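Next come the chains, spelled out residue by residue.
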Amino acid sequence: MLSRKNKLLLLKLLSLFSVVRGYNILIIVVAQYLTSIFILAPHIKLRHVILDPNLLMIVLASSAVIAAGYIINNFYDREKDLINRPQKTMLDRLVSQRTKLTGYFILNFLSVVFASYVSFRAVLFFSLYIFGIWFYSHKLKKYPIIGNMIASILAITPFFAVFIYYKNFDQVIFVHATFLFLMLTMREMIKDLGNLKGDMAQDYKTIPVVYGELTSKKIISALILTSGIPIYLLLTRYEIGFMYLYFYGCVALLFLFLIGLWRSEGRIHYVWLHNILKLIIVSGTFSIVLIDVNMILDRILW
């Protein structure tokens, strides 16, 4: 049996894990490595990619900045989240605001230390990334359209860090990035629809608040149709191996998503729609290995 003190400590650790979205960070770490192995550096031996200390430092720096970003976002959104997600917010409040801010500065400092191992340019990159996340959380997220776009750009920035490191400028990478950007933008807009009550109470100028739910649904529908362009290009113009199965699955899920979007009427519906987009994004991470199944076998031979 755990003592009361140990139970409280366990709850605080769980609270901290919830604040920094540890599960999201783990997925991003896996995605960065899989992207490096199968898309950005397919010509480099597997062990050289996995054991590359520079790549490890970039991944650690990215993880630290993202964790710090979740903390500062939680700090600014605490009142809004109390309305939209009261149960999660009560868990998050087990860790004091002072502790969260201390963790925020420590994580950002560590990210710069990790980046300094790679190069001075990496330090500049992650310093700008830190500032961008803070400025978004403090100002930009309260504005319609630009807030959604900046959030999506910040979400894919860790992949640009790896992209710049390997200096791989193949066109297919930008097509993949465009598809991911569209999925992330839709996810942000669905979150705004689900958070409408809290956003209105805290005077956040999101698209549903300023232009209404109908306009939001029309914009999201347009983004779904737009996502068909990178899907078509990836299926017809580029070698993506068995990953074509993933994109066919995306078409089916996006069709169901579109139907659900226009039938949705409340927060519970938007949560389900958000989960569909999350499934598309997360499954896309692990589907990268389908680009070249033979490469897996060949490159496992160190």
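Just above, that's the structure.
Sequence order as written defines the numbering, with residues in each chain counted from 1. For this predicted model, a pLDDT threshold of at least 70 governs which residues receive local features, and a threshold of 80 or more governs which side-chain atom pairs are given and counted, while totals over whole chains, interfaces and linings are taken from all residues. Each side-chain value is derived from all of the structure's non-hydrogen atoms; neither hydrogens nor water enter the calculation.

Description of the side chain of Gln32
Convention followed: Note on conventions: DSSP H or I runs of at least 4 residues are helices, E runs of at least 2 residues are strands, and numbering of each starts at the N terminus. Any N or O atom pair separated by 3.5 Å or less is treated as a polar contact, with the protein-specific requirement of one donor-capable and one acceptor-capable atom, and with residues adjacent in sequence counted only for side-chain atom pairs. By definition, residues are in contact when any of their heavy atoms lie within 4.5 Å.
Here Gln32 lies in helix H2 (residues 22-40). Of the polar contacts made by the side chain of Gln32, one reaches the backbone oxygen of Pro158; its length is 3.1 Å. Setting aside its immediate chain neighbours within four residues, Gln32 contacts Val59, Ser62, Pro158, Phe159 and Val162.

Regarding the pattern of salt bridges
Put simply, the rule reads: Each salt bridge in this description consists of a side-chain nitrogen of Lys or Arg and a carboxyl oxygen of Asp or Glu lying within 4 Å of one another. The rule is simple: take the accessible area with a 1.4 Å probe, protein chains only, and divide by the maximum for that residue type; under 20% is buried, over 50% is exposed, in between is partly exposed.
Inspection of the entire model under this criterion finds two salt bridges. Residues Glu188 and Arg187 are paired through a salt bridge, measuring 3.5 Å at the closest nitrogen-oxygen approach. Residues Glu188 and Arg187 agree in their burial class; the two are buried. Lys191 is the salt-bridge partner of Glu188, the closest N and O atoms lying 3.6 Å from each other. Residue Glu188 and its partner Lys191 are located together in helix H10 (residues 171-194), separated by three residues, close to a single helical turn. Judged by its relative accessible area of 8%, Glu188 is buried. Judged by its relative accessible area of 30%, Lys191 falls in the partly exposed class. In the salt-bridge network here, residues are joined through shared partners; they are Arg187, Glu188 and Lys191.

Quick look at helix H13 (residues 213-236)
Since there are 3.6 residues in each turn of an α-helix, residues three or four apart along the chain are aligned in direction. Threshold: Every helix has an expected span of 1.5 Å times one less than the residues it contains.
Under the 1.5 Å per step criterion, the end-to-end length of H13 is 35 Å for 24 residues, consistent within 8% with the ideal 34 Å. For H13, every residue scored as buried is listed here: Ser216, Lys217, Ile220, Ser221, Leu223, Ile224, Ser227, Pro230, Ile231 and Leu234.

Focus: the packing of H10 against H13
Definition in use: To define axes, lines are fitted to C-alpha atoms, for helices over the stretch in contact only, and angles between the resulting N-to-C directions are given on a 0 to 180 degree scale. Note that the term roughly parallel is reserved for angles under 35 degrees, roughly antiparallel for angles over 145, roughly perpendicular for angles of 65 to 115, and oblique for everything else. In this scheme the handedness of a crossing depends on how the near helix is turned from the far one: anticlockwise by less than a right angle means left-handed, clockwise means right-handed. Residues were grouped as follows: Ala, Val, Leu, Ile, Met, Phe, Trp, Tyr, Cys and Pro as nonpolar; Asp, Glu, Lys and Arg as charged; and all remaining residues, including Gly, as polar.
Viewed as axis vectors pointing N to C, H10 and H13 meet at an angle of 160 degrees, and their least axial separation amounts to 9 Å. Between H10 and H13, the angle is such that the two are roughly antiparallel. Read as a crossing pair, H10 and H13 show a hand that is left-handed. The residues of H13 that touch H10, namely those facing Val172, Val175, His176, Thr178, Phe179, Leu182, Met183, Thr185, Met186, Met189, Ile190 and Leu193, are Glu213, Ser216, Ile219, Ile220, Leu223, Ile224, Thr226, Ser227, Pro230, Ile231, Leu233 and Leu234. Here the residues of the contact of H10 with H13 sort into 17 nonpolar, six polar and one charged.

Some words on the environment of Ser127
Mapping Ser127 onto the fold places it in helix H8 (residues 120-138). Expressed as a C-alpha distance, the spacing of Ser127 and Phe109, which sit 18 residues apart in the sequence, is 9.5 Å.

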